[in-house]
Amino acid sequence: GFVFFLTSSKVQEPNKMSETIEGYKVLGKIKISDLNIEQYILDSTESKALDNGVGKIENGGSINNYGNFCIAGHNQEEVFENLEVDDKIILVDKDMEETTYKVTKITEVEPDNLECLLQDENKIELTLITCKNGATTRLIVKAEEENSLLNNETINDTEDTNTINTEVEEDI
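Conventions used here
Residues numbered from 1 in each chain as written. Predicted model: local features only at pLDDT ≥ 70, side-chain atom pairs only at ≥ 80, totals over all residues. Heavy atoms only, no water. Core = buried A, V, L, I, M, F, W, Y, C linked by side-chain atoms within 4.5 Å. Buried < 20%, exposed > 50% of the residue type's maximum accessible area, 1.4 Å probe, protein only. Helix = DSSP H or I, 4+ residues; strand = E, 2+ residues; numbered from the N terminus. Polar contact = N/O pair within 3.5 Å; in protein donor to acceptor, adjacent residues only side chain to side chain. Contact = heavy atoms within 4.5 Å. Salt bridge = Lys/Arg side-chain N within 4 Å of Asp/Glu carboxyl O. Pairing = 2+ DSSP bridges.

Chemist: How do you make sense of the nonpolar core when you look at a structure like this?
Modeler: I41, L83, I89 and L91 are the most contacted members of the largest nonpolar core, which has 23 residues in total. If you list the elements that add at least two residues to this core, you get β2 (24-32), β3 (37-42), β5 (67-73), β6 (88-93), β7 (98-109), β8 (124-132) and β9 (137-145). Core analysis: the next-biggest nonpolar cluster, separate from the first, contains eight residues, M17, I21, Y24 and A49 among them.

Listed below in structure tokens is the structure:
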């Protein structure tokens, strides 16, 4: 345990992130404390890149920005299957800025279903894609930036209440 601690503290020098890993450009880091995961986000989904972290999918948005930031990773020991709705995922960009996302939806799809990659410029969204069942299906984890999610929930709650009240009045 002690050696690992020394190693990990060295990686996390304040205000500094590796530029490249194994020749792949580093875009940031993903941290999921509940699952004890901290991996680099690399600008590639080649097999060798995914051996060293998670990879940004081509045309998959940009980190901590409006749109859908899509990343793929190996599901070692099926660790991502332990994620649950409302779990928190932190993305750290190159400037060491942390943005917290909240898992909103977890689904399983066929490998050729690419609907999860669609861009929505009104949201700050994260999509994590990984293999499941020996790569026969894909596990899709959707998350949204926490603060924007809170604002949306407040608005939605108000709308729901109005709708319910209206329906009740009409029934009377």
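Chemist: I'm lost on the side chain of N68 in this one. Help?
Modeler: With respect to the helices and strands, the residue N68 is situated in strand β5. One polar contact links N68 to T127, side chain to side chain, over a distance of 2.6 Å. If we ignore the near neighbours within four places in the chain, the residues touching N68 are G60, G61, C116, L117, L118, Q119, E125, L126, T127 and K142.

Chemist: Please clarify how the pattern of salt bridges should be interpreted in this entry.
Modeler: Opposite charge on two side chains lets them pair, provided their charged atoms get close. Here the structure, examined in full by the defined rule, presents eight salt bridges. Here E19 and K94 are joined by a salt bridge, their closest N and O atoms 3.5 Å apart. With E19 in the loop between α1 (2-11) and β1 (20-21) and K94 in the loop between β6 and β7, this pair connects stretches of sequence that are 75 residues apart. Residue classification places K94 among the partly exposed residues on the basis of a relative accessible area of 30%.

Chemist: Looking at this structure, I do not really get the pairing of β3. What am I missing?
Modeler: For a regular strand, the rule is simple: side chains alternate between the two faces of the sheet. Pairing of β2 with β3 involves six bridges; the strand directions are antiparallel. Following the sheet pairing, K29 is matched in β3 by Y40. From the end of β2 to the start of β3, which pair antiparallel, there are four residues, and N36 there has a positive phi angle of about 60 degrees. With two bridges joining them, β3 and strand β4 (residues 54-56) adopt parallel strand pairing. Across the sheet, I41 pairs through a bridge with V54, a residue of β4.

Chemist: Mind showing me how you'd approach the side chain of K132 here?
Modeler: Residue position: K132 is located in strand β8. Other than its neighbours up to four places away in sequence, K132 contacts E81, E108, T137 and L139.

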